[in-house]
Amino acid sequence: MKITRIETFLVPPRWLFCRVETDEGVVGWGEPVVEGRAEVVRAAVDVLADYLIGRDPLRIQDHWQVLTKGGFYRGGPVLSSAVAGLDQALWDIAGKTYGAPVHALLGGPVRDRVRVYAWVGGDEPAELSEQIAAQVEAGFTAVKMNGAGATTPLPTTAETAAVVDRVAAAREALGPDRDVAVDFHGRFTAAGARRVLAQLADLHPLFVEEPVVPELSHLLPGLVAASPVPLATGERLYGRTEFLPVLAAGVAVAQPDLSHAGGISEVHRIASLAETYGAQLAPHCPLGPIALAASLQVAFATPNFLIQEQSRGIHYNKDADLLSYLVDPEPFRFVAGHAPRGDAPGLGITIDEAAVRAADRTGHAWRNPVWRHPDGSFAEW
């Protein structure tokens, strides 16, 4: 079997899909994207396609090595995301070729269902209790929320109290038997994060995500030591070498993104690395159906998996949602806050190719907002 064609599709709301076709008619789908830089990743996929055309799609690990290391300059979000989507598509082809779900090819399932969480609110969520009540009614046992909007380097008493009050409102709405995760989104300095984390302990967040930007990961040992709350990070880390010092710092939860961190191949290895540090895996995935399908395949085969993010109804989704490009939404039918394990081959989903091609004709140019502090200076989004 040989790869004969690789196509990419820029589809709303902010995603990029790739389609890998073979001479035997087996087709695999992947989701290579950097949110806000989808066009750049699309160009990178086109460059990498030059190597893959004409080659055996089942040599996944060899292709991963060449695509990530065959150029003198390596790494970074654009290249890693391009490789990630292609890697997903190759695993999809392998599963379809062997008639097995990807989790079976990764060593078989270790669980029958995967716990997932829902997002509530945006950066300035209103009616938080009502939003959480709706998710509880839908069966979810965990939600995630942003901790704050634009934040000053050293949060004031009022800013700190606002974060605590919002998490307290979430905890009250959820009760003691459900979980809330809080995303700091790298908006705090280490000193600011330390100030807020100490006041969240009594509310028992499942974890606090990205307490600082990844460029400040060298400060994580001190934050972990000072924090009474489990810390999570990893959506902006792209391989094992970047996760190694973070895990050694003692973070409780690793959050690689299947569309950023080298795909199924690398995230499966990151999960094993995390296990050696006693850390759990909670893949980042506010993206589309292919990224989620790939994430779930890894989750089913990962002993130290914790919980899975998913984007159904998330505030980023405009003009399209998680189910918009699927022939059958059944694989993402969550039951009691969990995704049941399926046995369909490959990634376990069927993409509506006609809908994807039609959406690509419109495309998108999504960019994340640029925030500023009241004095006009740049603020972390």
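Going by the structure above, here's the rest.
A short tour of the structure in this document, coming up. As the structure is a computational prediction, the values presented were derived from the model and not from experiment.

1. Some thoughts on the packing of aromatic side chains
Then, number 1: Here the structure, examined in full by the defined rule, presents 10 aromatic pairs.
Then, number 2: Between Phe9 and Trp29, the aromatic rings sit 5.8 Å apart at their centres with planes inclined by 35 degrees, giving tilted as the arrangement. Separated by 20 residues along the polypeptide, Phe9 in strand E1 (residues 3-11) and Trp29 in strand E3 (residues 27-30) bring together distant segments of the chain. Each of the two residues, Phe9 as well as Trp29, counts as buried.
Then, number 3: Measuring from ring centre to ring centre gives 6.2 Å for Trp15 and Phe17, while their planes differ by 20 degrees; the resulting arrangement is stacked.

2. Topic: the pairing of E3
Then, number 1: Neither face of E3 is exposed, since Val27 and Trp29 on one face and Gly28 and Gly30 on the opposite face are all buried.
Then, number 2: Pairing of strand E2 (residues 15-22) with E3 involves 4 bridges; the strand directions are antiparallel. Considered in E3, the bridge of Val20 is made with Gly28.
Then, number 3: Counting the residues between successive antiparallel strands, the hairpin from E2 to E3 contains 4 residues, one of them, Gly25, with a positive phi of roughly 85 degrees.

3. What to know about the environment of Ala150
Then, number 1: For Ala150, the position within the fold is in the loop between strand E5 (142-146) and helix H6 (157-174).
Then, number 2: Note on Ala150: relative accessible area 38%, which makes it partly exposed.

4. A word on helix H5 (residues 128-137)
Then, number 1: Of all the residues in H5, the buried ones are Leu128, Ile132 and Gln135. Along the long axis of H5, the arc covered by the buried residues comes to 60 degrees, so they all point the same way.
Then, number 2: Check the buried side of H5 and you find it contacts strand E4 (113-119), E5 and H6.
Then, number 3: Among the residues trailing H5, Gly139 stands out with phi positive, at a value near 105 degrees.

5. A look at the pattern of salt bridges
Then, number 1: All chains considered together, the criterion is met by 19 salt bridges.
Then, number 2: In this structure, the salt-bridge partner of Arg19 is Glu21, at a minimum N-O distance of 2.7 Å. Grouping residues by exposure puts Arg19 and Glu21 together as buried.
Then, number 3: Between Lys144 and Glu309 there is a salt bridge, with its nearest N and O atoms 3.5 Å apart. One end of the pair, Lys144, is in strand E5; the other, Glu309, is in strand E11 (residues 308-309), and 165 residues separate them in sequence.
Then, number 4: Overlapping salt bridges, with partners in common, bring together Arg5, Glu7, Arg19, Glu21, Glu353 and Arg357 in one network.

6. Description of the sheet that holds E1
Then, number 1: Pairing within the open sheet is antiparallel, and its 3 strands lie in the order E1-E2-E3. Looking at the sheet topology across the chains shown, the edges are occupied by E1 and E3. Geometrically, the sheet is characterised by an average inter-axis angle of 20 degrees between neighbouring strands, direction not taken into account.
Then, number 2: Its contacts with the sheet place helix H3 (residues 77-98) against E1, E2 and E3, and it is angled at close to 145 degrees to E3.

Rules behind the numbers
Residues numbered from 1 in each chain as written. Predicted model: local features only at pLDDT ≥ 70, side-chain atom pairs only at ≥ 80, totals over all residues. Heavy atoms only, no water. Phe/Tyr/Trp six-rings, centres within 6.5 Å; stacked < 30°, edge-to-face > 60°. Helix = DSSP H or I, 4+ residues; strand = E, 2+ residues; numbered from the N terminus. Buried < 20%, exposed > 50% of the residue type's maximum accessible area, 1.4 Å probe, protein only. Pairing = 2+ DSSP bridges. Arc of directions from axis to C-beta. Contact = heavy atoms within 4.5 Å. Salt bridge = Lys/Arg side-chain N within 4 Å of Asp/Glu carboxyl O. Axes fitted to C-alpha atoms, helices over the stretch in contact; angles between N-to-C directions.

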